[in-house]
Amino acid sequence: MKIAGFMKTSFVDYPGKIASVVFTQGCNLRCSYCHNAGLIEAKEDFRGILPEEIFQWLSKRKGMIDAVVISGGEPTLQRNLKVFIEELKAMKLLVKLDTNGTNPDSLRTLIADELLDFIAMDLKAPLNKYEEITGMGGLELSSIRESVEIIKNSGLAHEFRTTLCPNLEADDIPSIILGFEITSNYVVQNCKDTGVQKASKKKQDLKNLIMYNNINCALFLRGFEVG
C-alpha cells in the first residue's frame, strides 16, 4: 500500500460515523479539477506512511473511531488493498471505499469477501463526455457501467456522486442519471477552485440543479449555496 496521507478524525466522510481517512498514492485518471492532484502520480520511489503506523494508531483508539475511509488517488490500484482492509476488519472497524469505478474486478472481490460496508463511486460525466472530463483516452467505459451495476446490486450502503466541474453543464446531470439508471443515492457536489481550473459560478446551472432536485428523489446537492 502506498499511503500518502492520513486524516485521523473525520465527521463527514462516513455518514453518521466517526472515521479516519486513508489517502492512497496513484490514480489512473487525470481530472483537471481534482482537489487531490498531488496523489495522481504513482511515484515508484514513493515513501509514505506505513500501514503499521495506521494500525498502531487505530488500535489505541478502540471505541473512539468507528470506521476507516480509503480514498485516493484510486485505492483499487493498490496491490495490497485487500490485505490492508482485512486487517481493518479484524479490528472490528467499518470500511468505506471511495473509487472511480475503473476496476470492477477489485470491487467484485472485496464485496464477495465481505470486506466493505460502504462504497462511494464517482460518476465523472455522461459516458459520451467521460474521456474529455477525465483527461484519458481509450478508457474502457464498459468497466464504469459494470462497476455501477455491481454497487447497485451489492446490498451495501452506497453513494454515486458527480462533481459539477467547469466542463460539465447542469443539463448533463439528467443524462448521467438516465445513462447509468441511477434511482437512489446520487449526489451532485460543487466544484472547488483548484488553482488549475476555476469552478463554475453560473447561476443558471444552480437553478437547473435545484429544479432537478425538486423533481428527482434520487438527486441530492452538496456544497452549493442555495440561499
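Rules used throughout
- Residues numbered from 1 in each chain as written.
- Predicted model: local features only at pLDDT ≥ 70, side-chain atom pairs only at ≥ 80, totals over all residues.
- Heavy atoms only, no water.
- Helix = DSSP H or I, 4+ residues; strand = E, 2+ residues; numbered from the N terminus.
- Buried < 20%, exposed > 50% of the residue type's maximum accessible area, 1.4 Å probe, protein only.
- Contact = heavy atoms within 4.5 Å.
- Areas by Shrake-Rupley, 256 points an atom, 1.4 Å probe, with all protein chains shown as cover.
- Salt bridge = Lys/Arg side-chain N within 4 Å of Asp/Glu carboxyl O.
- Pairing = 2+ DSSP bridges.
- Polar contact = N/O pair within 3.5 Å; in protein donor to acceptor, adjacent residues only side chain to side chain.

Engineer: Mind laying out the overall build of the protein chain, listing which residues take part and the relevant values?
Structural biologist: Helix and strand content of the protein chain: seven helices and eight strands. Going through the 227 residues of the protein chain one by one, you find that 48% of them count as buried. Partitioning the contacts of the protein chain with sequence separation of at least 6, the portion at a separation of at least 24 is 68%. Taken as a whole, the protein chain presents about 11500 Å² of accessible surface, with 51% of it coming from carbon and sulfur.

Engineer: How would you sum up the pattern of salt bridges? Please name residues and give values.
Structural biologist: Between side chains of opposite charge, pairing is possible as soon as their charged atoms come close. For the structure shown, the criterion picks out 14 salt bridges. Linking R108 and E146 is a salt bridge whose minimum nitrogen-to-oxygen distance equals 2.3 Å. Pair noted here: R108 is in helix α3 (residues 104-112) and E146 is in helix α5 (residues 141-152), with a separation of 38 residues, a long-range link. Residue classification places E146 among the partly exposed positions, given a relative accessible area of 32%. Ionic pairing is found between R222 and E159, a salt bridge with its closest N-O pair at 2.9 Å. Of this pair, R222 sits in strand β8 (residues 219-222) while E159 sits in strand β6 (residues 157-164), placing them 63 residues apart in sequence. Classification of R222 by relative accessible area gives partly exposed; the value is 36%. Taking the relative accessible area as the measure of exposure, E159 reaches 11% and is therefore buried. Members of the salt-bridge network, linked through shared partners, are K96, D98, D122, K124, E159, R161 and R222.

Engineer: Lay out unusual backbone geometry with the relevant residues and their values.
Structural biologist: Here the residue pair G72 and G73 is connected by a cis peptide bond, since its omega of 10° sits within 30 degrees of zero. Along the polypeptide, G73 turns up in the loop between β3 (67-71) and α2 (81-90). One non-glycine residue, E181, adopts positive backbone phi at about 55°. Within the secondary structure, E181 is located in the loop between α6 (172-179) and β7 (186-190). Assessed through its relative accessible area of 54%, E181 is described here as exposed.

Engineer: So, the pairing of strand β2 (residues 19-24): which residues are in play, and what are the values?
Structural biologist: Across the six residues of β2, six count as buried, placing the element largely inside the fold. Residues A19, V21 and F23 of β2 are buried on one face, and the alternating residues S20, V22 and T24, pointing to the opposite face, are buried as well. Both strand β1 (residues 3-10) and β2 contribute to a ladder of five bridges, which runs antiparallel. Note that in β2 the partner of M7 across the bridge is V21. Sheet topology note: the β2/β3 ladder contains five bridges and is parallel. When the bridges of β3 are listed, V21 appears paired with V69.

Engineer: Which residues make up the side chain of S71, and what are the values?
Structural biologist: Summarising the element assignment, S71 is placed in strand β3. Among the residues examined, S71 registers a relative accessible area of 11% and is labelled buried. Separated by 3.2 Å, the side chains of S71 and D98 make a polar contact.

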